[in-house]
Amino acid sequence: MTDGHFDKIALIGIGLIGSSIARAVKLKGLAKSVVISSRSQETLDRARELDLGTDYVLDAGEAVEGADLVIVSVPVGASGKVAEAIAPHLKQGAIVTDVGSTKASVVAQMLPHIPKGVHFIPGHPLAGTEHSGPDAGFAELFQGRWCILTPVHGTDKDAKRKLAAFWEALGSKVDEMDMEHHDKVLAIVSHLPHIIAYNIVGTADDLETVTESEVIKYSASGFRDFTRLAASDPTMWRDVCLHNKDAILEMLARFSEDLAYLQRAIRWGDGEKLFDLFTRTRAIRRSIIDAGQDTSAPNFGRPGPDEKA
Ligand SMILES: NC(=O)c1ccc[n+]([C@@H]2O[C@H](COP(=O)([O-])OP(=O)(O)OC[C@H]3O[C@@H](n4cnc5c(N)ncnc54)[C@H](O)[C@@H]3O)[C@@H](O)[C@H]2O)c1
Ligand SMILES: O=C(O)C(=O)C[C@]1(C(=O)O)C=C[C@@H](O)C=C1
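Keep in mind that what you see is a predicted model, and the values were worked out from it rather than measured.

Each value, and the rule that gives it
- Residues numbered from 1 in each chain as written.
- Chains lettered and ligands numbered in written order.
- Predicted model: local features only at pLDDT ≥ 70, side-chain atom pairs only at ≥ 80, totals over all residues.
- Heavy atoms only, no water.
- Near = heavy atom within 4 Å.
- Polar contact = N/O pair within 3.5 Å; in protein donor to acceptor, adjacent residues only side chain to side chain.
- Areas by Shrake-Rupley, 256 points an atom, 1.4 Å probe, with all protein chains shown as cover.
- Helix = DSSP H or I, 4+ residues; strand = E, 2+ residues; numbered from the N terminus.
- Phe/Tyr/Trp six-rings, centres within 6.5 Å; stacked < 30°, edge-to-face > 60°.
- Buried < 20%, exposed > 50% of the residue type's maximum accessible area, 1.4 Å probe, protein only.
- Contact = heavy atoms within 4.5 Å.
- Salt bridge = Lys/Arg side-chain N within 4 Å of Asp/Glu carboxyl O.

Peer 1: When you look at the site of ligand 2 in this model, what are you seeing that I'm missing?
Peer 2: Within the structure, ligand 2 sits among Ser101, His124, Ala127, Gly128, Thr129, Glu130, Ser190, His194, Arg228, Leu229, Met236 and Trp237. In the model, an oxygen atom of ligand 2 is placed 3.0 Å from a nitrogen or oxygen of the His194 side chain. Here ligand 2 has 370 Å² of accessible area as a free molecule, and 84% of this is covered by the chains. Those elements that provide at least two residues to the shell around ligand 2 are helix 7 (179-210) and helix 9 (234-243).

So this is what it looks like as structure tokens:
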């Protein structure tokens, strides 16, 4: 097998991430066979209609028989049960990975079930959208995005290299993190933004009853752009919140302290504090775009022709 290629890949879960992997593997010819497994016959039938793989099975254990690479792409709260189901069917030397948005909990759930001689290397592609299901995926999803691996102690270096090469073949940049550090970083850059988006949509909806007027109807592009994340899958984000609870609560506390600072500056009319904060944070947002991390609206946030940079 050359770098990034595997004879047989098994995809457990074929939603946005699983189907994006399937499409990219097919486009780049990274596997001789791709077995797709979903617990839902309807989802499996749709995956077949979309021609995402070579074989389609309901039973995850059957799917991983003889597989060289197994990728678990299910809500993080389900990863332990999937690991338990596939464990007896994994071949020696196989690589098992996941794509879960939290890592410490996934490792705690999956690692106890992984047999000796099988390489478990947790992963997380920092790429996605607010959409779900096999129709939502696209081959380019991972292009130019980070994929974080959080190897457990004693991980085989050759297996790790093969998995990193696979993600690089999908277009990702690969880095490694300790799983606890990953969960803290993702709590602020991903989990908190989703929680805030869900929350503000709820607040706006509640205000409609309080103001006895239509609030959401008059929301403009700012509200729409800010709350895109609130369209994300409830099952996925329920699980993220429950399985990264400590890091999320720590970041929520920090965020609330900073919000109190902002609230106080508004209450006391401290325009200088507000201006300084907004200037600093706008520069940070622009640096994210300049670093090429934001592909949603490449020109969004850049200074207009009449704006000072
Ligand atoms: N959506 C994103 O932007 C994104 C980005 C990076 C990582 N992830 C992670 O990828 C994983 C999959 O997310 P997604 O966006 O592809 O979700 P999705 O809802 O699009 O697909 C989830 C898949 O898991 C299956 N599934 C659901 N519950 C299951 C269960 N209890 N047992 C077995 N299979 C089950 C579904 O049938 C579906 O095939 C999650 O762990 C998520 O945290 C998501
Ligand atoms: O772009 C989006 O809509 C996403 O939610 C993708 C996103 C994120 O950036 O927060 C969401 C969850 C992940 O685990 C990784 C990426």
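Moving on, there is more to tell.
Peer 1: Any chance you could explain the packing of aromatic side chains here in plain terms?
Peer 2: Any pair of aromatic rings gets described here by the distance separating the centres and the angle formed by the planes. Enumeration over the complete set of coordinates arrives at three aromatic pairs. With a centroid separation of 6.0 Å and 75 degrees between ring planes, the pair formed by Phe6 and Phe166 is classed as edge-to-face. Taken together, the residues span a long stretch of sequence, with Phe6 in strand 1 (residues 6-12) and Phe166 in helix 6 (residues 157-169) at a distance of 160 residues. Classification of Phe166 as buried rests on a relative accessible area of 0%. Between Phe142 and Trp167 the ring centres are 5.2 Å apart and the planes differ by 80 degrees, which places this aromatic pair in the edge-to-face class. Within this pair, whereas Phe142 is found in the loop between strand 7 (123-125) and strand 8 (146-149), its partner Trp167 is found in helix 6, the two being separated by 25 residues in sequence. For the pair shown, Phe142 and Trp167 are each scored as buried.

Peer 1: Help me understand the side chain of Lys103, please; the structure alone is not making it clear to me.
Peer 2: By secondary structure assignment, the location of Lys103 is in the loop between strand 5 (95-98) and helix 5 (104-110). Leave out the neighbours within four places in its chain, and Lys103 touches Asp98, Pro122, Gly123, His124, Thr150, Met179, His182 and Asp183.

Peer 1: Any chance you could explain the pattern of salt bridges here in plain terms?
Peer 2: Note that side chains of opposite charge can pair when their charged atoms are close. Evaluated as defined, the whole model comprises 16 salt bridges. Measuring nitrogen to oxygen at the nearest pair gives 2.7 Å for the salt bridge that ties Asp3 to Arg161. Here Arg161 lies in helix 6 and Asp3 lies in the segment before strand 1, a separation of 158 residues in the sequence. Residues Glu49 and Arg46 are paired through a salt bridge, measuring 2.6 Å at the closest nitrogen-oxygen approach. Of this pair, Glu49 and Arg46 both sit in helix 2 (residues 41-49), three residues apart, roughly one helical turn. What makes Glu49 exposed here is its relative accessible area of 59%. A single network of salt bridges, built from pairs that share partners, joins Asp3, Asp158, Arg161 and Lys162.

Peer 1: Would you mind showing me how to read the environment of Gly202 here?
Peer 2: As for its placement among the helices and strands, Gly202 is situated in helix 7. Under the relative-accessibility criterion, Gly202 is labelled partly exposed at 29%. Separated by 28 residues in the primary sequence, Gly202 and Ala230 place their C-alpha atoms 9.6 Å from one another.

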